[in-house]
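# Structure at a glance
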Amino acid sequence: SSKNEVSSLPTVRTLLGDSHGVADSLSAEVNKLEEKLRAVQEAHAASLADKRATYERNLTALQRQIHTTEAASAAIVNETHQLEHENQAMLRHAHDLSSDNDALRADLVALKINLSSAVEFADRALDGANDTEAEELSVIRDLEVRHEANSA
């Protein structure tokens, strides 16, 4: 393309011979070059505007994506804090249950000891209370025998 532009320029002989025509010819060539330069600049400006619009669309989409990701991250952080709080509450409750269990075990051990003592006491009391053959009760037996004899 530049070879065609150079070949369309007037030769040196033409320049020296007809200066008025040469000036017109040069002016026409300059006008053509300016027009071509304007067309190239407009094409580049349009291409640049398209690229800028595409870049801005992509940037806006990325910003939306970042905002969505940040919102999801914040929700996860909140949920994590809530779960940690619930976990701590459950741990406190588990410790409380464990303490209550220990106290109940101690009570059951004491109850078992008391029951063993009560059974032992009852056994001894019953063994000692079998006084049907006791000397002091012979009066009652004599009375029963007399009563039966009188009734017969």
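Residues numbered from 1 in each chain as written. Predicted model: local features only at pLDDT ≥ 70, side-chain atom pairs only at ≥ 80, totals over all residues. Heavy atoms only, no water.

### Some remarks on the overall build of the protein chain
Counting secondary structure elements, the protein chain contains four helices and zero strands. Overall, the protein chain shows an N-to-C arrangement of helices and strands of α-α-α-α. Relative to its 152 residues, the protein chain shows a buried fraction of 2%. Total accessible area on the protein chain is roughly 13600 Å²; 59% of this is exposed by carbon and sulfur atoms. (Helix = DSSP H or I, 4+ residues; strand = E, 2+ residues; numbered from the N terminus. Buried < 20%, exposed > 50% of the residue type's maximum accessible area, 1.4 Å probe, protein only. Areas by Shrake-Rupley, 256 points an atom, 1.4 Å probe, with all protein chains shown as cover.)

### Considering helix H4 (residues 138-151)
When the terminal C-alpha atoms of H4 are compared, their 20 Å separation across 14 residues agrees well with the 20 Å that a helix rising 1.5 Å per residue should span. When you tally the buried positions in H4, you get zero out of 14 residues, a small fraction of the element. (Expected span 1.5 Å × (residues − 1).)

### Examining the side chain of glutamate 29
Of note, glutamate 29 is situated in helix H3 (residues 19-129). Looking at glutamate 29, the relative accessible area reads 11%, which means it is buried. With residues near it in sequence (within four places) discarded, glutamate 29 still touches Ser8 and Leu9. (Contact = heavy atoms within 4.5 Å.)

### Brief notes about the pattern of salt bridges
Per the counting criterion, the structure on display carries four salt bridges. Lysine 32 serves as the salt-bridge partner of glutamate 29, at 3.6 Å between the closest nitrogen and oxygen. In this pair, glutamate 29 and lysine 32 both sit in helix H3, three residues apart, roughly one turn of the helix. For glutamate 35, the salt bridge is made with arginine 38, and the minimal N-O distance between the two is 2.5 Å. On the criterion of helical spacing, the pair formed by glutamate 35 and arginine 38 is a turn pair, its members being three residues apart in helix H3. A relative accessible area of 47% means that glutamate 35 is categorised as partly exposed. (Salt bridge = Lys/Arg side-chain N within 4 Å of Asp/Glu carboxyl O.)

### What to know about the confidence of the model for the protein chain
When the pLDDT values of the protein chain are averaged, the result is 87; 83% of them are 70 or greater. Mean pLDDT in the protein chain bottoms out at helix H1 (residues 2-7), which sits at 52, and peaks at H3, which reaches 93. (pLDDT = per-residue confidence, 0-100.)

### Some points on a nonpolar patch on the surface
There is a patch of nonpolar side chains on the surface, built from Leu108, Leu111 and Leu115 and spanning about 300 Å² of accessible area. Note that leucine 108 resides in helix H3. (Patch = residues over 30% accessible without salt bridge, like charges linked within 9 Å, V, L, I, M, F, W, Y side chains within 5 Å.)

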